[in-house]
Amino acid sequence: VIGRLNHIAIAVPDLDAAAAAYRDVLGVDVSEPTPLPEHGVTVRFVDLPNTRIELLQPLGEDSPIASFLERSGAGGLHHVCFEVKDVVAARDALKAAGARPLGEPKLGAHGKPVLFLHPGDLSGVLVELEQA
Ligand code: CO
């Protein structure tokens, strides 16, 4: 059911500071900030040979990562995203296997259907499924 690791999302309180750290400490290229108001985040991308890291900063009043940052102020791992062929088929298979989907599939930050799974079933990490 699960395919490639598409991205790792890291919530940060200060996007520019995070980008500077990734650039200066790890020596990687970081994209310019991209605001995604409909998803409540501003994102900067780090492209690696085998996956992508997304640095997320809250944007607007109802950001889905605001409460996460209230709990872990320095930032941290917010979610990992795996590719699936068909998000509805994956939902049904994973639900039957004991995972708890969070809501219904919807259009994600990359314009593709996504679904999130409850972190309580997956070692405390929020999992995103993205239709490839
Ligand atoms: Co994501």
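What counts, and at which threshold
- Residues numbered from 1 in each chain as written.
- Predicted model: local features only at pLDDT ≥ 70, side-chain atom pairs only at ≥ 80, totals over all residues.
- Heavy atoms only, no water.
- Helix = DSSP H or I, 4+ residues; strand = E, 2+ residues; numbered from the N terminus.
- Rg over C-alpha atoms; globule rule 2.2 N^0.38 Å.
- Contact = heavy atoms within 4.5 Å.
- Areas by Shrake-Rupley, 256 points an atom, 1.4 Å probe, with all protein chains shown as cover.
- Lys, Arg positive; Asp, Glu negative; His and termini not counted.
- Charge placed at Lys NZ, Arg CZ, Asp CG, Glu CD.
- Buried < 20%, exposed > 50% of the residue type's maximum accessible area, 1.4 Å probe, protein only.
- Arc of directions from axis to C-beta.
- Polar contact = N/O pair within 3.5 Å; in protein donor to acceptor, adjacent residues only side chain to side chain.
- Donors = N, O, S within 2.8 Å, 3.2 Å for Na, K, Ca; no water.
- Pairing = 2+ DSSP bridges.
- Axes fitted to C-alpha atoms, helices over the stretch in contact; angles between N-to-C directions.

## Looking at the overall build of the protein chain
Phase 1 of the analysis: Helix and strand counts for the protein chain stand at three helices and eight strands.
Phase 2 of the analysis: The globule rule puts the C-alpha radius of gyration for 132 residues at 14 Å, and the 15 Å found for the protein chain is close to it.
Phase 3 of the analysis: For the protein chain, the spread of C-alpha atoms along the principal axes amounts to about 45 × 35 × 25 Å.
Phase 4 of the analysis: Restricting to contacts in the protein chain with at least 6 residues of sequence separation, those with at least 24 account for 51%.
Phase 5 of the analysis: Summed over all atoms, the accessible surface of the protein chain reaches about 7300 Å², with 55% contributed by carbon and sulfur.
Phase 6 of the analysis: A gap of 6 Å separates the mean positions of the 11 positive and 18 negative side-chain charges of the protein chain.

## A closer look at the environment of E32
Phase 1 of the analysis: Checked against the element boundaries, E32 lands in the loop between α1 (15-25) and β2 (34-36).
Phase 2 of the analysis: Exposure remark for E32: the relative accessible area of 59% places this residue in the exposed category.
Phase 3 of the analysis: Excluding residues that lie within four positions of it along the chain, E32 makes contacts with V43 and R44.

## Let's talk about helix α3 (residues 87-96)
Phase 1 of the analysis: Along α3, the positions that sit buried rather than exposed are V87, A90, R91 and L94. Projected onto a plane normal to the axis of α3, the buried residues spread over an arc of 105° and lie on a single side.
Phase 2 of the analysis: Elements that come into contact with the buried residues of α3 comprise β5 (76-84), β6 (101-107), β7 (113-117) and β8 (126-131).
Phase 3 of the analysis: A side-chain oxygen of the first residue of α3 lies 2.9 Å from the backbone nitrogen of V88; this N-cap is D86.
Phase 4 of the analysis: One or two residues past the end of α3 sits G98, with phi positive at roughly 110°.

## Remarks on the coordination of the cobalt ion
Phase 1 of the analysis: Distances from the cobalt ion to its protein donors, H7 (NE2), H79 (NE2) and E128 (OE), fall within 2.0 to 2.1 Å.
Phase 2 of the analysis: All donors of the cobalt ion come from a single chain, and their spacing in sequence reads H-x71-H-x48-E. Taken as a pair, H7 in strand β1 (residues 5-11) and E128 in strand β8 lie far apart in primary sequence, 121 residues in all.
Phase 3 of the analysis: Residue classification places E128 among the buried positions, given a relative accessible area of 5%.

## Some thoughts on the sheet that holds β1
Phase 1 of the analysis: In spatial order, the strands read β2-β3-β4-β1-β5-β8-β7-β6; together these eight strands make up an open sheet with mixed pairing. Since the sheet does not close on itself, it has two edges, and those belong to β2 and β6, each with one partner. For this sheet the average axis-to-axis angle between neighbouring strands, irrespective of direction, equals 25°.
Phase 2 of the analysis: On top of the sheet, α3 reaches β5, β6, β7 and β8; it is set at about 175° to β6, its chief contact.

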